Amino acid sequence: MSKFNLRTRLFFSHILVIVLGLGTFVAIVKYSSPRFFILRLEQLERRGFLTVRSARTYLINGFQSALNSGTFWSFAVGISTSGGLSYWLAQRITKPLNVMQQITQKFASGQLEERMPATDIPELNELAMSFNRMANSLEGVEQRRRELISDLTHELRSPLTVVRGYLEELSDGAIAPSPEIYLRLVRETKRLERLTHDLQELSKAEAGYLPIHLQSVNLYPLLTSLVERFSDQLMEDSPTLRLEYAENLPLAIADLDRTEQVLVNLIGNALRYTETGSITVKGWRDRDRLWIAVEDTGVGISQQDLPFVFERFWRADRSRSRYSGGTGIGLAIARRLIELQNGKIEVESELGKGSIFRFHLPLV
Ligand code: ADP
């Protein structure tokens, strides 16, 4: 690091340039001008201006002293005006830089709301704007991190409290051990297991670490096998599950495994939240998009809840979903997976009537 700051260095470099410029100019003038002057006098003498000869020394001295005072004044005025100008310029550049430095230091020490002010130097303004963009995104990340930790603590607390409560009562002899109690404990630990698994998936999907292999795929075989697999698990009183998908639909650009993961979640949810009626998996083409939808005739989601369904840990009815083992992460993962495949997922629903979850993928 240099021991001089930018402002001093800018100032002295300007002064140096001025001194060099003026010095060269003066040196050349001092060296060559008297010669030209003498040559000119000699020409005049040769042409017969006799008075010139007698005044020669006087003229040369006069010229020399005019030259000297000219040199002095050009140095004095030149250095002071350009020095002043250079100081002003250096100040103008370094002032916003100093402000920027202070702001970055504050930002680094955790004051994430700090932003760069606009300056009238376009390049510095550009830099300030890039910094502000970066600051916005870092602030968002920090905000999401805080939300995640608070959601997570909330989610972990309840199964842990239940498990601890039962274990304490069992050890005190306050309750007698029974298969139901153990089953309850197993269910709560399974919930914790599912939570950690879902969280791992979500963090991978959000950080973009999930490998996505996009290729031209025919989704028909995947849909038929999924519908068969889920139908096998259906009980007599379960809703019916069917597929409406034309076999000759075009190929989509997608990752089969990830699309399967999304569909398993959507169909699983539809089955979980539908008591009677039907669940229909549909596929159709709309211009350059392939749409897949999972429609159910289940409990539905209220209009005010709809905007939140894809947010992690969100559940319409926390206690009911807790009982059914939901973590509220499935749809957050599904949305991210669809986005990673350059598609979009949306929901339409009416309380008590049913829901439609649909997403589109690009066509080949
Ligand atoms: P979960 O593991 O809780 O199902 P999801 O992220 O998959 O997590 O779903 C979040 C919430 O959205 C659910 O808890 C439920 O309240 C609501 N939900 C999802 N799918 C449906 C559906 N098909 N019908 C009604 N509600 C649904």
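Before reading further, recall that the structure is shown in the block above.
No experiment lies behind these values; they were computed from the predicted model shown.

Digging into the nonpolar core
Phase 1 of the analysis: Counting 45 residues, the largest nonpolar core has Leu 219, Leu 263, Leu 266 and Phe 359 as its most contacted members.
Phase 2 of the analysis: Per element, the largest residue contribution to this core is 6 residues, and it comes from helix α8 (residues 330-340).

Some remarks on the site of the ligand
Phase 1 of the analysis: Taken together, 22 residues sit near the ligand, with Asn 269, Arg 272, Asp 296, Ala 316 and Leu 331 positioned nearest.
Phase 2 of the analysis: One nitrogen or oxygen atom from the side chain of Arg 194 is found 3.3 Å from an oxygen atom belonging to the ligand.
Phase 3 of the analysis: Here an oxygen atom of the ligand and a side-chain polar atom of Asn 269 are 2.8 Å apart.
Phase 4 of the analysis: Compared with its free state, where it exposes 530 Å², the ligand has 100% of that area covered by protein.
Phase 5 of the analysis: Looking at the shell around the ligand, the elements that each hand over two or more residues are α6 (256-272), α8 and β7 (354-362).
Phase 6 of the analysis: Residue contributions to the shell around the ligand peak at 4 residues, all from α6.

Observations regarding the pairing of strand β6 (residues 344-350)
Phase 1 of the analysis: Burial along β6 is one-sided: the face carrying Ile 345, Val 347 and Ser 349 is buried and the face carrying Lys 344, Glu 346, Glu 348 and Glu 350 is not.
Phase 2 of the analysis: By the bridge criterion, 7 bridges tie β6 to β7 in an arrangement that is antiparallel. In the sheet register, Ser 349 faces β7, and the bridge partner there is Ser 355.
Phase 3 of the analysis: In sequence, β6 turns back onto β7 through a hairpin of 3 residues, with Gly 352 there showing a positive phi of about 85 degrees.

Let's talk about the environment of Ser 150
Phase 1 of the analysis: With respect to the secondary-structure elements, Ser 150 resides in helix α3 (residues 122-172).
Phase 2 of the analysis: On the basis of relative accessibility, which here comes to 43%, the residue Ser 150 falls in the partly exposed class.
Phase 3 of the analysis: Note: C-alpha distance between Ser 150 and Arg 40 (110 residues apart in sequence) is 93 Å.

Here's the deal with the side chain of Ser 355
Phase 1 of the analysis: Structurally, the position occupied by Ser 355 is in strand β7.
Phase 2 of the analysis: The class for Ser 355 is buried, based on a relative accessible area of 5%.
Phase 3 of the analysis: At a separation of 3.0 Å, a polar atom in the side chain of Ser 355 contacts the side chain of Ser 349.

Conventions adopted
Residues numbered from 1 in each chain as written. Predicted model: local features only at pLDDT ≥ 70, side-chain atom pairs only at ≥ 80, totals over all residues. Heavy atoms only, no water. Core = buried A, V, L, I, M, F, W, Y, C linked by side-chain atoms within 4.5 Å. Buried < 20%, exposed > 50% of the residue type's maximum accessible area, 1.4 Å probe, protein only. Helix = DSSP H or I, 4+ residues; strand = E, 2+ residues; numbered from the N terminus. Near = heavy atom within 4 Å. Polar contact = N/O pair within 3.5 Å; in protein donor to acceptor, adjacent residues only side chain to side chain. Areas by Shrake-Rupley, 256 points an atom, 1.4 Å probe, with all protein chains shown as cover. Pairing = 2+ DSSP bridges.

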